[in-house]
Amino acid sequence: MTQDAGGRLLRVNLSTGSFSQEAVPQEVREQYIGGKGFGIYYLFRELPSGVEPLGPENKLALVAGPLNGTTAQSFSRWIAMAKSPMTGAIGRAVGGGDFGAWLKFAGFDVMLIEGRASRPSYIYWENGHGEVLDAGDLWGHDTEETQVSLASRHGPRTRSACIGPAGENLVRYAAIVCGRRTASRCGMGTVMGSKNLKAVAINVPRQVEVARATEFSSLVKQQIEAYKPHPVVSRMNKAGTTYAALVFHNMGLFPVCNFQRGRLAGIEKLAVDEFAKVKVGNFGCYSCLIKCGQMHQVKDGAFAGHRSEGPEYETIWALGGNLGITERDAVIAADSMCDLLGLDTISTGLSLSFAYELYQRGLLKRSQTDGEEMTWGNHQAMLRLVQSIAHRKGLGKLLGEGSLRAARTLGNGAEYYAMQVKGLELGGYEPRAAKGQGLAYAVSPIGGSHSYARSDQEIAGDSLPRVVDRFADEGKGDVIAFNHWQRSVGEAAISCIFASRATGRELTASLLAAVTGIDRLAGLPYLEKVGQRIATLERLFNIRHGFGRNDDTLPRRMTTEPLEDAGPATGQVVRKLDTLLDEYYDAMGFSRQGLPTADTLRELGLAWTAGFMSARDNRQR
Ligand code: SF4
């Protein structure tokens, strides 16, 4: 045990095969905590304007938080960050399983991967020594085969994060996979593929430093006691997020047929009770007694034998209801397929729903669909097209670019039907039925993310900082800014979004202080400032890479078409996006153009960024 634990960076250059280590400076640890905070700090400094996301000059940061690998519960997820090939903005994806803990056991908070290997390769780290090894025999293998091969080659103590065929084939929304858990969004697996990097494998004993061990273990006991009676813990263990489909559908929040309406005939076939019938077990990330992962196995019928660690709500929606599909077993099969191929299920589903709507409107002909009848509810077509996307064949070649790029290639007004922000497809929450969520999508630095500043005041009835009427057209900017700061702290600590309610903000703060030995992390106002700093630095990254107020927007459908057939949300439309943006910028300390003001930069200790902002990307909108 030490008095000052954590804070090391491993730099791996794939072009040269070199490894070097650095200490993360103490002031960076204090001001950014770890996780996403470290990721944006290093990427902001090291990725100038003009970097091509799929070029060797892009850098991929795999980051752990200070609590990874400890006995604290639900803090062992990990994050991948790079300039995103989907958006050209900052990209981030949150992964689960064991990899974050193993990165920390290896002694690192950050693995910063640079350059490009000359042939398919993987990074192997064992007991203080790294190598870039040949992955020729792994290339083309799915994510399960790859992880099994690496464990059998290097021993059962090995854990890895890898890409599947989708990442190798540069599908723009490829995921990085550990176990069956994916770091899905923004094409972080595509960045790995562009570097000829199949996997990162770590083979080390389990050991982690804790600055104040006695205090820490008493705090963990408190956390476990708090978990026992907490309803989120039992609900997530019992059903994961499968409970959400029916709940959100009844609220009018569940988008159907590419956000054309909010009611799906047969939604009960995708309800929690239906998934419970094929549940065969639970699965969890390292050091998490919630074990929210629901193992499902199809017992009979056309999809008999398909087994998946999921699907979670977002996948049930994206590859199910949003395509008009209510065939539970087809959704399980699609989820399993995406995990093995290494695909983001949200962007896959929404690239498909974009194409299904074009087909509905006669803008995509059967001669362009590989002969598929792309009618709503056609799950066989969906399953075949998932394969085509991963292997970039036929229509899959176009759809593997994501809905925005595909729309621009097709022209003819197709862009209207691409349900994305900044190039990243939206999550499963209808913005017209929760207008603060609409604002959260619009201002998310990574594009259409449902989790960046999720409007839980509207979606889950949260009352902090205050209650919000989800249909109100304005008066929400401060709440979304608050959410953005809170989630930024959460992703710096890498507190699992599902479990954070059970742990609570005060206990999280105490755990951070005890594990790092940095007393000021125990203060909530201090942590809020850290969250604001991280969110502002992400904003600055994007400004440098050519983004501005015009990019903080929603698909035109949301601001022009009243929502149809969505129960209590029927008729809603986002009427005052500009007002919401002004409110948000005011709360964040940004100008009305969305630029952090000089006062804000000074107050957050970000005045140093001025020297990095002289050159900016000039990008196509
Ligand atoms: S609640 Fe679920 S996602 Fe979160 S850490 Fe636990 S097992 Fe992983």
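Scroll up to find the structure this text is about.
Definitions and cut-offs
- Residues numbered from 1 in each chain as written.
- Predicted model: local features only at pLDDT ≥ 70, side-chain atom pairs only at ≥ 80, totals over all residues.
- Heavy atoms only, no water.
- Helix = DSSP H or I, 4+ residues; strand = E, 2+ residues; numbered from the N terminus.
- Rg over C-alpha atoms; globule rule 2.2 N^0.38 Å.
- Buried < 20%, exposed > 50% of the residue type's maximum accessible area, 1.4 Å probe, protein only.
- Contact = heavy atoms within 4.5 Å.
- Areas by Shrake-Rupley, 256 points an atom, 1.4 Å probe, with all protein chains shown as cover.
- Near = heavy atom within 4 Å.
- Nonpolar A, V, L, I, M, F, W, Y, C, P; charged D, E, K, R; others polar.
- Domains from an automatic or database assignment.
- Pairing = 2+ DSSP bridges.
- Phe/Tyr/Trp six-rings, centres within 6.5 Å; stacked < 30°, edge-to-face > 60°.
- Lys NZ or Arg CZ within 6 Å of the ring centre and 35° of its normal.
- Axes fitted to C-alpha atoms, helices over the stretch in contact; angles between N-to-C directions.
- Expected span 1.5 Å × (residues − 1).
- Parallel < 35°, antiparallel > 145°, perpendicular 65-115°, else oblique.
- Left-handed = near helix turned anticlockwise from the far one by under 90°.
- Core = buried A, V, L, I, M, F, W, Y, C linked by side-chain atoms within 4.5 Å.
- Salt bridge = Lys/Arg side-chain N within 4 Å of Asp/Glu carboxyl O.

Caption draft 1: View of the overall build of the protein. For the protein, the count of helices and strands is 25 helices and 17 strands. By the compact-globule yardstick of 25 Å for 621 residues, the protein fits well, its C-alpha radius of gyration being 22 Å. Seen along its three principal axes, the alpha-carbon backbone of the protein occupies a region of about 65 × 55 × 55 Å. When the 621 residues of the protein are sorted by exposure, 64% land in the buried category. Nonlocal contacts in the protein, meaning residues at least 24 apart in sequence, comprise 71% of its contacts between residues at least 6 apart. Carbon and sulfur atoms provide 50% of the accessible area of the protein, an area that totals close to 20,400 Å².

Caption draft 2: Representation of the site of the ligand in the model. As a structural note, the neighbourhood of the ligand is formed by Ser74, Arg77, Arg181, Gly284, Cys285, Cys288, Ile290, Cys292, Cys496 and Phe498. Here the shell around the ligand is composed, by residue class, of 6 nonpolar, 2 polar and 2 charged. Each of domain 1 (8-203) and domain 2 (251-423) gives at least three residues to the shell around the ligand.

Caption draft 3: Representation of the pairing of strand β5 (residues 90-95) in the model. When you tally the buried positions in β5, you get 5 out of 6 residues, the bulk of the element. Summarising the sheet, strand β4 (residues 78-83) and β5 pair through 6 bridges and their orientation is antiparallel. When the bridges of β5 are listed, Ala80 appears paired with Ala93. Counted along the chain from β4 to the antiparallel partner β5, the turn is 6 residues long, and its residue Gly88 has a positive phi close to 80°.

Caption draft 4: Main features of the packing of aromatic side chains. Counting across every chain of the model gives 22 aromatic pairs. Aromatic pair Tyr32 and Tyr41: ring centres 5.1 Å apart, planes at 45°, arrangement tilted. There is no split in this pair, since Tyr32 and Tyr41 are both buried. Aromatic pair Tyr416 and Tyr417: ring centres 5.2 Å apart, planes at 80°, arrangement edge-to-face. For Tyr417, a relative accessible area of 13% corresponds to the buried category. Grouping aromatic residues by their ring pairs yields a cluster made of Tyr32, Tyr41, Tyr42, Phe44, Trp608 and Phe612. In this arrangement the basic side chain of Arg544 is found over the ring face of Phe44, its NZ or CZ atom lying 5.2 Å from the centre.

Caption draft 5: Fine view of the sheet that holds strand β14 (residues 293-297). Here 3 strands make up an open sheet; going across it, the order is β13-β14-β15 and the pairing antiparallel. With partners counted over all chains shown, the strands left at the sheet margins are β13 (279-283) and β15 (307-309), one partner each. Each adjacent strand pair in this sheet contributes to an overall mean axis angle of 15°, direction not counted. Alignment of β13 against β14, held across 4 bridges, turns out to be antiparallel. Among the inter-strand pairings, Phe283 is bridged to a residue of β14, identified as Gly293. Of the strands in this sheet, β13 and β14 are in contact with helix α8 (residues 231-239), which crosses β14 at around 20°. Strand contacts of helix α12 (residues 328-341): β14 and β15, with the helix running at about 70° to β15, the strand carrying the most contacts.

Caption draft 6: Up close: α12. Spanning 14 residues, α12 covers 20 Å between terminal C-alpha atoms, matching the ideal 20 Å at 1.5 Å per step. In terms of residue burial, α12 counts as a mostly covered element, since 14 of its 14 residues are buried. Just past α12, the residue Gly342 takes up positive phi, approximately 80°.

Caption draft 7: Focus on the pairing of strand β7 (residues 121-126). Burial of β7 is extensive: 5 of the 6 residues sit out of reach of the surface. Where β7 meets strand β8 (residues 129-134), 6 bridges bridge the pair, whose relative direction is antiparallel. Looking across to β8, one finds that Ser121 is bridged to Asp134. Between the antiparallel neighbours β7 and β8 lie 2 residues, among them Asn127 with a positive phi of about 45°. Here β7 pairs with strand β12 (residues 197-203) via 6 bridges, running parallel. In the strand pairing of β12, Ser121 is matched with Leu197.

Caption draft 8: Quick look at the packing of helix α19 (residues 477-493) against helix α22 (residues 524-544). Their axes nearest at 7 Å, the elements α19 and α22 cross at an angle of 95°. What the angle tells us is that α19 and α22 run roughly perpendicular. Contacts between α19 and α22 involve Phe482, His484, Trp485, Gln486, Ser488, Val489 and Ala492 from the former and Leu527, Glu528, Gly531, Gln532, Ile534, Ala535 and Glu538 from the latter. For the contact of α19 with α22, a count of residues per class yields 7 nonpolar, 5 polar and 2 charged.

Caption draft 9: Just the packing of helix α2 (residues 35-46) against α22, in detail. Their axes nearest at 10 Å, the elements α2 and α22 cross at an angle of 30°. The orientation of α2 with respect to α22, classified from their angle, is roughly parallel. For the crossing formed where α2 meets α22, the hand is left-handed. Residues Lys36, Gly37, Ile40, Tyr41, Leu43 and Phe44 of α2 form the contact with α22, whose own contacting residues are Ile534, Leu537, Glu538, Leu540, Phe541 and Arg544. Of the residues contributing to the contact of α2 with α22, the split by class is 8 nonpolar, 1 polar and 3 charged.

Caption draft 10: Representation of the nonpolar core in the model. Counting residues in hydrophobic clusters, the biggest one holds 183 residues, and the most contacted among them are Leu62, Leu343 and Met382. A per-element tally of this core places α22 first, with 9 residues. Ranked by size, the runner-up nonpolar core spans 10 residues in total, among them Val232, Cys288, Cys292 and Ala502.

Caption draft 11: Geometry of the pattern of salt bridges. What the rule picks out here adds up to 49 salt bridges. Taking the shortest distance from any N to any O, the salt bridge between Asp109 and Lys104 comes out at 2.6 Å. Residue Asp109 shares its accessibility class with Lys104, and that shared class is buried.

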